[in-house]
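The chain contents come next:
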Amino acid sequence: MEPATNEQPVMELQGKKILVLGLARTGLAVARFLARRGARVVGADARAGDAMGQARNELSRLSAACHLGPEEAVWLDGVEAVVPSPGVPRENPLLAEAARRGIEVLSEIELAARFNRTPMVAITGTNGKTTTTRLVAAVLEAAGLRVFAGGNIGQPLIECVAGNWDWGVVEVSSFQLEWVRDFRPRVALCLNLSEDHLDRYDGLASYGAAKARIFAAQHPDDVAVLNRDDPWVWALRPRLDARTVSFGWSEVEEGAFVAGDAIVWRGDGAEERFPLRDLGLRGVHNVENVMAAVCAAKAVGVQGRHIRTAARQFRGIEHRLELVRELDGVRYFNDSKGTNVGAVQKSLASFDGPIVLIAGGVHKGGSYRNLEPLVRERVRKLVLLGEAAGIMKESLGALTDTSVVADLAEAVRQARAAAHAGDVVLLSPACSSFDMFENYGERGRAFKELVQAL
């Protein structure tokens with residue numbers, strides 16, 4: 001695929017009053033972008049106090065107005081557009097008032113799309129987004145291309161606009177996709193869909209509809225990469241304008257599949273093999289991630305030798321089936337990024353030996369029943385903590401030896417006591433971390449410190 005110039009319309013910013021709602025990393029990056037282009041920036045955040053000191057200082061440096069604390073409709077007076085951070089839900093009263101007044105609401109990635117001239121590979125799905133994004137970026141870099149990698153991870157997409165890149169590879173979440181219109185990736189991937197964020201969405205259909213917006217602005221000469229083994233994702237195919245390429249475990253005429261001991265790519269009358277033994281990643285879910293990355297790389301036009309090099313050298317990401325250490329014949333894995341049931345299913349399926357599973361945190365809605373077969377078959381002991389511990393014990397506690405603990409330190413102590421040589425101790429929470437930790441990364445680092453101290 002030729003890295004064609006993005007043809008999205010440029011938005012006039014000079015003199016426009018624009019409200020940036022939410023002043024974490026993405027919001028501040030948006031504020032800087034707008035100020036550089038002559039917009040009259042107003043920054044706002046429902047938080048207040050010392051935690052907002054950096055935001056206040058940054059906005060002051062930009063000569064931007066700043067509103068902190070409980071939201072007020074007056075903040076919208078004279079505003080011509082609102083850019084909410086991904087964490088701000090559509091039902092937010094200020095966004096509802098903006099819609100009532102006819103004020104345009106656009107996400108950070110939509111704003112970036114209106115100025116960006118770098119062709120994009122964009123990746124969404126419930127699980128595997130970060131690994132696949134990093135792997136696709138590594139493949140393109142192995143081919144000698146200048147690559148921006150970011151989006152929902154690392155640098156916000158808005159920071160790509162001024163750079164000199166051949167391709168951008170971006171992870172995009174459902175939250176980011178809620179307000180897109182002109183965001184057009186040349187290659188768009190939807191890896192899978194399972195229950196997640198049901199504390200924000202009223203069901204799988206509305207959650208999936210947000211994910212599907214990744215394809216909304218694609219043209220027939222773009223590529224949509226779909227998981228044909230995921231019924232919901234595969235059902236998108238008839239509705240897409242882009243050319244569809246798929247990946248899955250069964251053989252196909254065009255796309256990626258597994259045959260024996262290799263991933264096979266078949267397309268344009270040719271066939272290439274990528275031996276599974278050469279992959280630097282472990283786990284069944286990572287075979288799927290590599291297949292998706294192969295599809296994306298071939299859509300861009302990368303040769304197989306570059307894919308093989310990157311896939312062999314790539315060791316995955318922190319907090320996703322990350323081996324922490326082996327002690328007394330027991331391996332300890334940090335899977336703190338496993339924040340939903342689908343992710344934990346894939347992680348449990350990646351091990352043959354008995355597992356001591358540490359799970360729990362903030363309940364995000366939905367059911368834990370899909371974990372029942374794997375817990376019954378593979379989990380020697382289940383250690384639960386956090387706000388969701390009671391719900392999870394009710395769903396899964398009768399299937400194996402189960403205990404509820406007060407904190408992660410006690411969970412690690414109990415896991416060590418229960419594990420035998422040859423077992424795996426796995427932190428894979430199926431929940432958010434916000435009851436005890438700032439984010440899944442802090443939770444994962446705390447787990448690693450506790451395990452290293454054993």
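Residues numbered from 1 in each chain as written. Predicted model: local features only at pLDDT ≥ 70, side-chain atom pairs only at ≥ 80, totals over all residues. Heavy atoms only, no water.

**Q** In this structure, what is going on with the packing of aromatic side chains? I would like to understand it.
**A** Both the distance between ring centres and the angle between the ring planes are used here to describe each pair of aromatic rings. One pass over the full model with this rule turns up 5 aromatic pairs. Relative to Phe-351, the ring of Phe-333 lies with its centre 4.8 Å away and its plane at 55°, an arrangement referred to as tilted. Linking Phe-333 in strand β16 (residues 330–334) with Phe-351 in the loop between α11 (341–348) and β17 (355–359), this pair joins segments that are 18 residues apart in sequence. Residue Phe-333 is classed as buried on the basis of its relative accessible area, which comes to 2%. (Phe/Tyr/Trp six-rings, centres within 6.5 Å; stacked < 30°, edge-to-face > 60°. Helix = DSSP H or I, 4+ residues; strand = E, 2+ residues; numbered from the N terminus. Buried < 20%, exposed > 50% of the residue type's maximum accessible area, 1.4 Å probe, protein only.)

**Q** Just checking my understanding: could you explain the pattern of salt bridges for this structure?
**A** A pair can form between side chains of opposite charge whenever their charged atoms are brought close. Overall, the coordinates contain 33 salt bridges when judged by the stated rule. Linking Arg-181 and Asp-182 is a salt bridge whose minimum nitrogen-to-oxygen distance equals 2.8 Å. When its relative accessible area of 52% is taken as the criterion, Arg-181 is described as exposed. Between Asp-335 and Arg-320 there is a salt bridge; the shortest N-O distance is 2.6 Å. Here the residue Asp-335 occupies a position in the loop between β16 and α11, and Arg-320 occupies one in the loop between α10 (304–313) and β15 (322–327), the gap between them amounting to 15 residues. Note on Arg-320: relative accessible area 11%, which makes it buried. (Salt bridge = Lys/Arg side-chain N within 4 Å of Asp/Glu carboxyl O.)

**Q** I keep staring at the side chain of Ser-246 and nothing clicks. Help me out?
**A** Topologically, Ser-246 is positioned in strand β11 (residues 243–247). Here Arg-228 takes part through its side chain, which lies 2.9 Å from a polar atom of the side chain of Ser-246. (Polar contact = N/O pair within 3.5 Å; in protein donor to acceptor, adjacent residues only side chain to side chain.)

**Q** Would you explain the side chain of Asn-116 in this entry?
**A** Inspection of the secondary structure puts Asn-116 in the loop between α4 (108–113) and β6 (120–124). Among the polar contacts listed, one links the side chain of Asn-116 to the backbone oxygen of Thr-118, at a separation of 2.7 Å.

**Q** What's the story with the sheet that holds strand β18 (residues 379–384) in this structure? I'm lost.
**A** Strand pairs in the sheet, formed through backbone hydrogen bonds, run parallel or antiparallel to each other. Spatially, the 6 strands line up as an open sheet ordered β15-β16-β20-β17-β18-β19, and their pairing is mixed. Pairing within the sheet leaves two strands with one partner each, and these edge strands are β15 and β19 (401–404). Direction aside, neighbouring strands of the sheet carry axes that sit 15° apart on average. When β16 meets strand β20 (residues 424–427), the two strands line up parallel, connected through 4 bridges. (Pairing = 2+ DSSP bridges. Axes fitted to C-alpha atoms, helices over the stretch in contact; angles between N-to-C directions.)

**Q** Help me out: how do you make sense of the pairing of strand β13 (residues 262–267) in this one?
**A** On a regular strand, each side chain points to the face opposite its neighbour's, so the side chains alternate between the two faces of the sheet. Of all 6 residues in β13, 6 are buried; the element is thus mostly enclosed. Here β13 shows two buried faces, one formed by Ala-262, Val-264 and Arg-266 and the other by Ile-263, Trp-265 and Gly-267. Note: strand β12 (residues 255–259) against β13, 5 bridges, orientation antiparallel. Following the sheet pairing, Gly-255 is matched in β13 by Arg-266. In textbook terms, the turn of a hairpin is the stretch between consecutive antiparallel strands, and for β12 and β13 this stretch comprises 2 residues, one of which, Gly-260, has a positive phi near 65°. Judged from the 6 bridges that link them, β13 and strand β14 (residues 270–275) form a sheet pairing that is antiparallel. Note that in β14 the partner of Ile-263 across the bridge is Phe-274. Linking β13 to β14, which pair antiparallel, is a turn of 2 residues; within it Asp-268 sits at a positive phi near 55°.

**Q** I keep staring at the state of the cysteines and nothing clicks. Help me out?
**A** What is meant by a disulfide is a covalent connection between two cysteines, made through their sulfur atoms. Under the criterion given, the structure shown has 0 disulfides. The cysteine Cys-190 is free of any disulfide, with Cys-295 supplying the nearest cysteine sulfur at 13 Å. (Disulfide = S-S within 2.5 Å.)

**Q** For this particular structure, what's the right way to read the nonpolar core?
**A** Note on soluble globular proteins: their nonpolar side chains tend to be buried together. Counting 54 residues, the largest nonpolar core has Leu-34, Leu-111, Leu-157, Phe-183 and Phe-215 as its most contacted members. Top element by residues in this core is helix α1 (residues 25–36). It accounts for 6 residues. Contact partners of Leu-157, with chain neighbours within four places excluded, come to Glu-108, Ile-109, Ala-112, Met-120, Phe-148, Gly-151, Val-170 and Phe-183. By size, the runner-up hydrophobic cluster in this structure holds 41 residues, among which are Leu-140, Val-223, Cys-295 and Val-300. (Core = buried A, V, L, I, M, F, W, Y, C linked by side-chain atoms within 4.5 Å. Contact = heavy atoms within 4.5 Å.)

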